[in-house]
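Now for the letters of each chain:
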Amino acid sequence: MPQYPNRQFLDFEQPIKVLFEEIEKLKQTAEKSKIDLSDSIVKLENAIIEKRREITISLTPWQRVQLSRHPDRPYTLKYINNMCTNFVELHGDRNIKDDKAIVGGFAQLGGETVMIIGQQKGANTKLRQIRNFGMANPEGYRKALRLMKLAEKFNKPIVTLVDTPGAYPGLEAEERGQGEAIARNIYEMIRLKVPVIVVIIGEGASGGALGIGVGDKVLMMENTWYTVISPESCSSILWRSWDKKEEAAKQLKLTADDMKGFGLVDEIVPEPLGGAHWDYDEAANILKDYIINSIAEFKSSDHQTRINNRIEKFGKMGFWEEMLTEETETK
Amino acid sequence: MKKESSEDIEYNLTGSETDHPISATDATAPKSKWYKRIRKGITTDTADKKETPEGLWNKCPDCNFITTTQDLKENLFVCPKCNYHHRIGSDEYFETLFDNNEYEELCDNIRSIDFLHFTDLKPYQKRLDEIHAKTDLKDSMRIGVGKVNDELLVVACMDFQFIGGSLGSVMGEKFCRAIDYCIEHKLPFMCISKSGGARMMESAFSLMQLPKTSGKLSQLSDAQLPYISLLTDPTFGGISASFGMLGDLNIAEPGALIGFAGPRVIKETIKRDLPEGFQTSEFLLEHGFLDFIIDRKLLKDKIHQLILLFKG
């Protein structure tokens, strides 16, 4: 992960940046004057940790959205490399092309083979373009489905890592059936015979996320969001203005805590203090344990039970008011 | 004009006043051209002039052809001149499909509530109440069971008037219960889609209707009962990313706009104009996502024919 001065700071992380700058100054002074300032430096380093804690406690929903998009945040391949061994990336949907916004392949995780798939964002301008900002085209979803079917054939559990601002809204995407591709994935995933563990590791935007997001267990990392539309788009449609994104983020109740509270996701995976971008190894290690435990939890049941439970679980989601039939008759 | 007005698919999801082409005549139309004055000096006082009842006349948004609403209704709300298919609601579709307009409505006792206390420019509950008061609809989908040329069929039909036909918890639940009914009574299922997409005021709950309905469809599939998905103008977002595109047969009305992302969003993303006919039924047929396009006037017989083919 990037170290200071290559670290990037969000607006509410600026106090941490100031502390880093002070440390840097002290280090320079120490070097020039040959005075031992390590005590003061340790103090400042502790102050940074304290600040990270402070920030974490008071995060607003919009700040969580910002953290999920932090430029230094680890992406799918980082997690795969840190959690797995023997990863072999598999390419292409066998139809149109290889969509680089979605990566996937076999890997060893906790001593067993899994199929691991996820949206991939780019770490710099050039890579961001190649990865299309993690926005998949239909062929990306079809590649994912091909890999999932491969896993099913060889009875390997599937792990998906979700991190997308949405499915790509492009001309070719429509020509090649973006809606159909996502619909097919949702339909097929709910019927997969092997355990499927889904983790929201960054942005979980709508259908684009669900296209690889249906499973026996859905985990959400602490600083992520998952809902039907991005706060920006929601603001522009419902408030007719781009300026209400904070309010939209609040109204949408899109944080991990909210989603867990509603029963729409199963568990929250803690992140390093202040967010996953502070320590990639720690973030990956925590996540790895959660995934291994989740697979173990579902491995023992037979596949028909798993499928039925999946259908039943999603079938319960929703809220409505049901009037008694007698009442409606008397009306 | 038609293309311009349907550009902003997402706007329909705000639950604001939508221009419903059946009930609203175009206020900006130059009415002076409707009649030619033959004799000079009409003597009726302005006070005695009869008001034209609203909705008596209807202008085709595509070709500007003017018909009486009565004539248009008899033509199943299809323009007699250019075959433009006006947007209609569940009442009209049920009347078109079911013999003698006889059908039983299922689960009309469930209604949306504002579980999340979602407030944009207006509280969600207030929107629901207002739209209910205005349209008498309880939500954006109704389920009817009736006979199509003597063959029983369960039809789930969306109402675009209700917050842009948006997909919320109630639609998801009704859709699932309709399928349960099909499985219990061994009946074929048809869904008529007309929706701008997910209902944002229900946030992630609305999103989860995608796996919910898809899971239920897989049970219908296991029961080997056919599912026909009819896509009408417009069908976007969450509908096309779930049950809208999952029919054993996907069919559409002519000229309907169907897609995942709305045209405005695509245009802003690619920063280019969209080709003519983009995202129309004809475009989808050409790209292999529809089985066929069907005129509304032929719909009933075609559905009947299909039911017999599945049965035989």
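Visitor: Just checking my understanding: could you explain the overall build of chain A for this structure?
Guide: Within chain A one finds 15 helices and nine strands. Relative to the globule expectation of 20 Å for 331 residues, the C-alpha radius of gyration of chain A, 22 Å, shows essentially globular dimensions. Burial statistics for chain A: of 331 residues in total, 55% are counted as buried. Carbon and sulfur atoms provide 49% of the accessible area of chain A, an area that totals close to 14,000 Å². Positive and negative side-chain charges of chain A, numbering 45 and 49 respectively, have mean locations separated by a distance of 5 Å.

Visitor: Help me understand the sheet that holds strand β6 (residues 151-158) of chain B in this model?
Guide: Through backbone hydrogen bonds, the strands of a sheet pair up, either in parallel or in antiparallel fashion. Residue and element names in this part refer to chain B. On the basis of which strands lie adjacent, the open sheet formed by seven strands has the order β3-β5-β6-β7-β8-β9-β10 and mixed pairing. Two strands lie at the open edges of the sheet, namely β3 (103-106) and β10 (292-293), each paired on one side alone. Judged from the four bridges that link them, β6 and strand β7 (residues 189-195) form a sheet pairing that is parallel. Its bridge partner lying in β7, Ala-156 is registered against Cys-191. Where helix α5 (residues 169-185) meets the sheet, its contacts fall on β3, β5 (141-148), β6, β7 and β8 (227-235), and the angle it forms with β5 comes to roughly 25°.

Visitor: Honestly, unusual backbone geometry in this entry has me stumped. Any pointers?
Guide: The phi torsion of most residues other than glycine is negative, and most of the peptide bonds are trans. Here Tyr-4 of chain A and Pro-5 of chain A are connected by a cis peptide whose omega angle stands at 10°. Topologically, Pro-5 of chain A is positioned in the segment before α1 (14-33). Backbone torsion omega between Asp-233 of chain B and Pro-234 of chain B reads -10°, so that peptide bond is classified as cis. With respect to the helices and strands, the residue Pro-234 of chain B is situated in strand β8. Positive phi is not limited to glycine here, since Asn-100 of chain B has a value of about 50°. Residues other than glycine seldom take positive phi values, yet Asp-136 of chain B does so here, at roughly 70°. Within the fold, Asp-136 of chain B resides in the loop between α4 (124-135) and β5. Taking the relative accessible area as the measure of exposure, Asp-136 of chain B reaches 62% and is therefore exposed.

Visitor: Just checking my understanding: could you explain the pairing of β8 of chain B for this structure?
Guide: Residue and element names in this part refer to chain B. By the criterion of burial, β8 is predominantly enclosed, with nine of the nine residues buried. Two elements, β8 and strand β9 (residues 249-252), share four bridges in a ladder whose sense is parallel. Each residue of the ladder has a partner; that of Leu-230, found in β9, is Ile-251.

Visitor: Got a minute to help me understand the interface of chain B and chain A in this structure?
Guide: Between chain B and chain A, the contact holds 63 residues from the first and 54 residues from the second. Between chain B and chain A lies a buried interface of about 5,200 Å² when both sides are counted; carbon and sulfur atoms form 70% of it. Linking chain B with chain A are two salt bridges. For Arg-191 of chain A, the salt bridge identified is with Asp-222 of chain B, shortest N-O distance 3.4 Å. At the boundary of chain B with chain A, the tally comes to 19 residue pairs in polar contact (both at pLDDT 80 or more).

Visitor: Hey, could you run me through the domain arrangement of chain B in this one?
Guide: Size of an interface, as often reported, equals the accessible area lost when the parts are brought together. Residue and element names in this part refer to chain B. Considered domain by domain, chain B is made up of domain 1 (1-50), domain 2 (53-86) and domain 3 (87-311). Domain 1 puts 15 residues into the contact, and the matching count from domain 3 is 24 residues. Here domain 1 meets domain 3 over a buried area of about 1,700 Å², counting both sides, of which 58% is carbon and sulfur. For the pair domain 1 and domain 3, the number of links is zero salt bridges. Taken together, domain 1 and domain 3 are joined by two residue pairs in polar contact (both at pLDDT 80 or more). Residues of the side of domain 1 that touches domain 3, tallied by class, amount to four nonpolar, six polar and five charged.

Visitor: Help me understand the packing of helix α3 (residues 61-68) of chain A against helix α11 (residues 245-252) of chain A, please; the structure alone is not making it clear to me.
Guide: Between two packed helices, both the angle of their axes relative to each other and the distance between the axes serve to describe the pair. All names here are of chain A. Taken N-terminus to C-terminus, the directions of α3 and α11 make an angle of 100°; their axes are 8 Å apart at the nearest point. In terms of axis orientation, α3 runs roughly perpendicular to α11. Across the interface between the two elements, Pro-61, Trp-62 and Val-65 from α3 touch Lys-245, Glu-246, Ala-249 and Lys-250 from α11. For the contact of α3 with α11, the class distribution of residues is four nonpolar, no polar and three charged.

Visitor: Is there a simple way to think about the nonpolar core in this case?
Guide: Inside soluble globular proteins, nonpolar side chains tend to come together where they are buried. By size, the foremost hydrophobic cluster in this structure holds 118 residues, and its most contacted members are Tyr-226 of chain A together with Phe-189 and Phe-243 of chain B. Those residues in contact with Phe-189 of chain B, other than ones at most four positions away along the chain, are Leu-153, Val-154, Ala-156, Phe-175, Ala-178, Ile-179, Cys-182, Leu-220, Pro-226, Tyr-227 and Ile-228 of chain B.

Visitor: Looking at this structure, I do not really get the pattern of salt bridges. What am I missing?
Guide: Any two side chains of opposite charge can pair, given that their charged atoms come close. Considering all chains together, one arrives at 39 salt bridges over all chains under this definition. In this structure, Asp-99 of chain B engages Lys-300 of chain B in a salt bridge whose closest nitrogen and oxygen atoms are separated by 2.7 Å. Here Asp-99 of chain B is found in the loop between α3 (90-97) and β3, whereas its partner Lys-300 of chain B is found in helix α10 (residues 296-311), with 201 residues between them in sequence. Neither Asp-99 of chain B nor Lys-300 of chain B differs from the other in exposure class; each is buried. Here the residues in one salt-bridge network are Arg-69, Lys-121, Asp-163, Glu-203 and Glu-232 of chain A, joined through shared partners.

Visitor: Would you explain helix α7 (residues 209-222) of chain B in this entry?
Guide: Turn by turn, an α-helix covers 3.6 residues, leaving residues three or four places apart pointing in a common direction. Between its first and last C-alpha atoms α7 of chain B spans 20 Å; for 14 residues at 1.5 Å apiece the expected length is 20 Å, and the two agree. The complete set of buried residues in α7 of chain B reads Gln-209, Leu-210, Pro-211, Lys-212, Thr-213, Ser-214, Gly-215, Lys-216, Leu-217, Ser-218 and Leu-220 of chain B.

Visitor: Is there a simple way to think about the domain arrangement of chain A in this case?
Guide: Residue and element names in this part refer to chain A. Parsing chain A into structural domains produces domain 1 (11-58) and domain 2 (65-315). Using only C-alpha atoms to locate each centre, domain 1 and domain 2 end up separated by 35 Å. At the junction of the two partners, domain 1 supplies nine residues and domain 2 supplies eight residues. Roughly 790 Å² of surface becomes buried between domain 1 and domain 2 when both sides are summed, with 60% attributable to carbon and sulfur atoms.

The rules we used
Residues numbered from 1 in each chain as written. Chains lettered and ligands numbered in written order. Predicted model: local features only at pLDDT ≥ 70, side-chain atom pairs only at ≥ 80, totals over all residues. Heavy atoms only, no water. Helix = DSSP H or I, 4+ residues; strand = E, 2+ residues; numbered from the N terminus. Rg over C-alpha atoms; globule rule 2.2 N^0.38 Å. Buried < 20%, exposed > 50% of the residue type's maximum accessible area, 1.4 Å probe, protein only. Areas by Shrake-Rupley, 256 points an atom, 1.4 Å probe, with all protein chains shown as cover. Lys, Arg positive; Asp, Glu negative; His and termini not counted. Charge placed at Lys NZ, Arg CZ, Asp CG, Glu CD. Pairing = 2+ DSSP bridges. Contact = heavy atoms within 4.5 Å. Axes fitted to C-alpha atoms, helices over the stretch in contact; angles between N-to-C directions. Buried area = accessible area lost by both parts, 1.4 Å probe. Salt bridge = Lys/Arg side-chain N within 4 Å of Asp/Glu carboxyl O. Polar contact = N/O pair within 3.5 Å; in protein donor to acceptor, adjacent residues only side chain to side chain. Domains from an automatic or database assignment. Nonpolar A, V, L, I, M, F, W, Y, C, P; charged D, E, K, R; others polar. Parallel < 35°, antiparallel > 145°, perpendicular 65-115°, else oblique. Core = buried A, V, L, I, M, F, W, Y, C linked by side-chain atoms within 4.5 Å. Expected span 1.5 Å × (residues − 1).

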